[in-house]
Amino acid sequence: MPGTITSEFLLNRYGALHYHNTINSIMQKNHLTRALTFFFSLTFLFVTQTYAQQKSVTLSGLVKDKATKENLPYVNVVLKAAKDSTFITGTVTNEEGRFSLNSIPPENYILETAYLGYTPQYTPLYVGNLSEFLDIAHIELTPLSTTLTDVVVTVRQDDLSAKLDKKTFSIADNISQAGGSVLQSMQNLPGITVQEGKVQLRGNDKVTVLIDGKQTAMTGFGSQTGLDNIPASAIDKIEIINNPSAKYDANGNAGIINIIMKKEKQEGFNGKIGFTGGLGSLWQRRSNLPGIRPQYQFTPKLNPSLSFNYRKNKINVFFQADNLYNQSLNKNEFVTRTYDDGSIIQQQTKRNRNTNYLTAKAGLDWYLNARNTLTVSTMFGSEKIIDRGDEPFFNADLSQRKRLWQFLEDELKTTVMATAVYQHKFKQPGHVVNAGINYTFHRENEQYFFDNIMPTYTGKDAFKLLSDEHVADLNLDYIKPLAYGRLEGGFKFRYRTIPTNMLFIPGRNSPLDTNAGGWAKYTETIPTVYGNYIFENPKIEAEIGLRIEYVGLQYDVNPGHNTYKSDGYHYTQPFPNLRFAYKFDEHNRLSFFYNRRVDRPNEVDIRIFPKYDDAEIIKVGNPALRPQFTNSLELGYKNGSHDGYVYAALYHRMALGTITRIASTVPGSELIYAIFQNAGKSYNTGIEAIWDQKIAKAYRFNLNATVYRNQIDAFTVSNLYPVPNSFTAAQQEIISGNVKLNNMFQLGKNLKAQLTAVYWAPDIIPQGKMYARFSIDMGIQQQIQKGKGSIFINASDLLNTMVSKKRIYGNGFQYLSTDYYETQVFRIGYNYKF
């Protein structure tokens, strides 16, 4: 019989399917609790939002003759709702006795299997929220001569949001930041804050950023980088994973942010084109110190974008290109340095920046047959940065200029990535093996030119840095669906090398440390294996995983360097994860998480060359820097309803070997050296709450609040550069947090608006504190051209209130820094789908 025969046809033909009156009582609908519950108690892994939940599941199984154990072809399989026996979907088994039911939403069901000459089976099924594929295993039908026997099968579904381990957000929904960078788009998302150009999760910037599930040079293989220059127009959605499972790299103790690029797979030719323009820095918030070049004003922003795909038969070709041109007042920092001897230095660091960032991605999916797919893709990124900076230094009352440091930075970053992924699907849906290889090349070509203008002379200095990064990743991942969950396992091998050369070109009375130049080479080898088991029944969910990682790192230094010598480390460490959840009912669940993760120093953290973009606060790396290990606990509770949900989590993190920059001075000099160090133990304990609610058809809000206590234990570190010196800090602690209110308005059928307000409370940092900040963003979007086109207008930091202010205390000095960098931007844009 042809495989396209419908379930209804078979029901009528065989006439063998009769329901017992007891079927409807097998599984009854629960009355769902709608109470909004806020804070619960203690510990582990992660939380997901309702609109990020898995929408559907694929069920599969195999039907056999109970007596002969032979597979039965063309068996009628029908899925009905347990509450009222409503027909949901149906199919027939193929020649091998296998069947598959697609797009099944989470719910309680009855599965009927019937065949001429056999007793029908009525099987209660539970489809949960954890697995995209569920295997019902073997269903055995009994010949009519035997008594009816029910085969009870419990099925669970993989739903990332329901297990509270991930939040997923569509970039298209973030109207107030459309047309900007990925970093700007993230700052309005629940659970995320942005501080000094870095993303923070719950007040912690140790975040690993992925692109399409992979670490790349564009966003950093260790510490995050480059997010403020990647155009948001290239992004489809963003996933926030506070408590990653063992299948993810162990790096990033605060969690993972996965940026998913746009890619279509529809039949035929289709795509999207867009253009955004904007202006920033519409007025000065603070005037320059005397005698320097003007600040950028009315800075233009331009962002054209194009994406398309063409699919026919077994081939899907995709392409995407985005260009973000941005002028900005990138830095406008005013610093007052006060020394114990009474001397005071007033300085300003003003940086006018021109940036052009081009990204392009192309590739093809080749569906070799129904079970085998090969995907080959390449990504190209080119980031051109021109900085024109002024840094004057005055006495306390600005009556005497001691020095003027002017610089021109010309930097080109080029990234090329090539990826090949092969996927084999076994006969059982969801049973897959993926093998992939990924190669990344990243070049950093940086030139600085300085004018060191002193009262009696002017010196002209320069340096040139060239860094080539090569990264090769080989990975193998295996997924096996089970009746009550799934098994995951895999292997990954990484080899990474970064040769770097620094050439200092001194001028008259040069302040450059020319003996700190030369070459260095960073080499990293990481083989990894992992396993993960996931279980679910109607009341309990559990996930347990283990990742074992070996890291061998060697940093070779030019023998002529005046301070640092070659160094390195290696370790073999386990990184377990655990999640346990109890479901009170369909709307209420309590989840507990444990996670152990690591933050390895990135190459720039240990780079031996001093950086002179600030002439008197000089940043230097540290080859002796070691990894930071973190244990995390979290307890999360979620209550959901048709119109919204409430989520609350209590979490605790303990970090050993906390990585941070330490600012210090040396005898006889007013220069400050900021050097990476391991500062000992630190703790982060807090509570996060999210309330998402639809009030009416025209209005929905999302309120996100995080309150936490940060503690940094007393520590003493020894800096080697430029001469050996030590720094000691007493224990610091503070209660801090942030509040974010996102308002969404549906003003008509095709018109919607967004208004977002964010408040950051004061917080501690090693050696000091950050002051409070506040901003408001807004956006309006109108659908046109029968939904194919849209126009938007938005404003970032509408009231121009965002200012970064911090105070740092060191041995013999302290300084207060206030940065009035560009935060207010107005944009208008147009997008069209074809």
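No experiment lies behind these values; they were computed from the predicted model shown. (Residues numbered from 1 in each chain as written. Predicted model: local features only at pLDDT ≥ 70, side-chain atom pairs only at ≥ 80, totals over all residues. Heavy atoms only, no water.)

Trainee: Explanation requested: the environment of Ser307 in the structure shown.
Mentor: On the secondary structure map, Ser307 appears in strand β17 (residues 299–312). Judged by its relative accessible area of 14%, Ser307 is buried. The sequence separation of Ser307 and Pro429 amounts to 122 residues, and the corresponding C-alpha distance is 31 Å. Residues contacting Ser307, with those up to four places away along its chain left out, are Asn270, Gly271, Lys272, Phe319, Gln320 and Phe834. (Helix = DSSP H or I, 4+ residues; strand = E, 2+ residues; numbered from the N terminus. Buried < 20%, exposed > 50% of the residue type's maximum accessible area, 1.4 Å probe, protein only. Contact = heavy atoms within 4.5 Å.)

Trainee: What am I meant to see in the nonpolar core here?
Mentor: Ranked by internal contacts, the top residues of the largest apolar core, which has 51 residues, are Tyr612 and Tyr721. Beyond its immediate chain neighbours, meaning those up to four positions away, Tyr612 contacts Trp405, Phe450, Phe463, Phe504, Pro511, Leu512, Asp513, Ile618 and Tyr721. With 27 residues, the next largest nonpolar core counts Met218, Ala234, Ile259 and Met417 among its residues. (Core = buried A, V, L, I, M, F, W, Y, C linked by side-chain atoms within 4.5 Å.)

Trainee: Even after reading the chapter, I still don't get the packing of aromatic side chains, so can you show me in this structure?
Mentor: Geometrically, a pair of aromatic rings is defined through the distance of the ring centres and the angle of the planes. Considering all chains together, one arrives at 24 aromatic pairs under this definition. Judged by centre distance (5.6 Å) and plane angle (40°), the rings of Phe269 and Phe308 are tilted. Of this pair, Phe269 sits in strand β16 (residues 268–280) while Phe308 sits in strand β17, placing them 39 residues apart in sequence. Given a relative accessible area of 53%, Phe269 falls into the exposed group. The partly exposed category is assigned to Phe308, whose relative accessible area is 26%. With a centroid separation of 6.5 Å and an interplanar angle of 80°, the aromatic rings of Phe426 and Tyr478 are classed as edge-to-face. On the criterion of sequence distance, the pair formed by Phe426 in the loop between β21 (401–425) and β22 (432–453) and Tyr478 in strand β23 (residues 458–482) is long-range, its members being 52 residues apart. You can call Phe426 partly exposed: its relative accessible area is 31%. Residue classification places Tyr478 among the partly exposed positions, given a relative accessible area of 34%. Site record: aromatic cluster; members linked through ring pairs are Trp405, Phe407, Tyr448, Phe450, Phe463, Phe504 and Tyr612. (Phe/Tyr/Trp six-rings, centres within 6.5 Å; stacked < 30°, edge-to-face > 60°.)

Trainee: Hey, could you run me through the sheet that holds strand β3 (residues 87–92) in this one?
Mentor: Two pairing modes exist for strands in a sheet, parallel and antiparallel, and in both the strands are linked by backbone hydrogen bonds. An order of β3-β2-β5-β7 is seen for the four strands of this open sheet, with the pairing classed as antiparallel. Because the sheet does not close on itself, it has two edges, and the strands there are β3 and β7 (121–127). Across this sheet, the average inter-strand angle for adjacent strands is 20°, counted without regard to direction. Of the pairings in the sheet, the one linking strand β5 (residues 107–114) to β7 comprises seven bridges and is antiparallel in character. Along β7, the bridge assignment pairs Ile110 with Pro124. (Pairing = 2+ DSSP bridges. Axes fitted to C-alpha atoms, helices over the stretch in contact; angles between N-to-C directions.)

Trainee: Teacher, can you tell me more about the pattern of salt bridges here?
Mentor: Pairs may arise between side chains of opposite charge once their charged atoms sit close together. Throughout the structure, instances matching the rule amount to 39 salt bridges. Put simply, Lys361 and Asp212 hold a salt bridge, and the shortest N to O gap is 2.5 Å. On the criterion of sequence distance, the pair formed by Lys361 in strand β19 (residues 344–369) and Asp212 in the loop between β13 (207–211) and β14 (235–241) is long-range, its members being 149 residues apart. Look at Lys361 and you get buried, because its relative accessible area is 12%. Residue classification places Asp212 among the partly exposed residues on the basis of a relative accessible area of 25%. (Salt bridge = Lys/Arg side-chain N within 4 Å of Asp/Glu carboxyl O.)

Trainee: Teacher, can you tell me more about the confidence of the model for the protein here?
Mentor: Where the model shows low pLDDT, its predicted coordinates should not be examined in detail. For the protein, mean pLDDT is 86; residues scoring 70 or higher make up 90% of the total. Taken together, the stretch residues 1–54 has pLDDT below 50 and engages in 171 contacts with residues farther than four places along the chain or on a different chain. A low-confidence stretch, residues 146–161 (pLDDT under 50), is modelled with 86 contacts involving residues beyond four sequence positions or located in other chains. (pLDDT = per-residue confidence, 0-100.)

Trainee: Just to check I follow, could you spell out the pairing of β17 for this structure?
Mentor: A regular strand places its side chains on the two faces of the sheet in alternate fashion. When β16 meets β17, the two strands line up antiparallel, connected through 13 bridges. Bridging across to β17, Gly278 finds its partner in Lys301. Sheet topology places β17 next to strand β18 (residues 315–339); 10 bridges connect them, and they run antiparallel. By the bridge assignment, Asn309 is partnered in β18 with Phe318. Between the antiparallel neighbours β17 and β18 lie two residues, among them Asn313 with a positive phi of about 55°.

Trainee: Is there a simple way to explain unusual backbone geometry in this structure?
Mentor: Most peptide bonds take the trans form, and the phi angle of most residues other than glycine is negative. Here the amide bond leading from Tyr721 into Pro722 is cis, since omega sits at -5°, within 30 degrees of zero. Despite not being glycine, Leu398 shows a phi value in the positive range, around 65°. Within the secondary structure, Leu398 is located in the loop between β20 (372–394) and β21. On the basis of relative accessibility, which here comes to 34%, the residue Leu398 falls in the partly exposed class. Even without being a glycine, Asn509 presents a positive backbone phi close to 45°.

Trainee: I would appreciate a short explanation of a nonpolar patch on the surface in the present structure.
Mentor: A surface patch of nonpolar side chains, amounting to about 750 Å² of accessible area, comprises Phe269, Ile273, Leu306, Tyr310, Ile315, Val317, Leu364, Trp366 and Phe834. The residue Leu306 is located in strand β17 in this model. For Leu306, a relative accessible area of 31% gives the class partly exposed. (Patch = residues over 30% accessible without salt bridge, like charges linked within 9 Å, V, L, I, M, F, W, Y side chains within 5 Å. Areas by Shrake-Rupley, 256 points an atom, 1.4 Å probe, with all protein chains shown as cover.)

Trainee: Help me understand the pairing of strand β45 (residues 813–819) in this model?
Mentor: Judged by how many residues are buried, β45 sits mostly within the fold: five of seven residues are covered. With seven bridges joining them, β18 and β45 adopt antiparallel strand pairing. Counted as the bridge partner of Glu333 is Asp819 from β45. Sheet analysis places strand β44 (residues 804–810) next to β45, joined by seven bridges and oriented antiparallel. For Lys805, the partnering residue across the bridge sits in β45 and is Thr818. In this antiparallel pair of consecutive strands, β44 and β45, the connection spans two residues, and Gly812 shows a positive phi of 90°.

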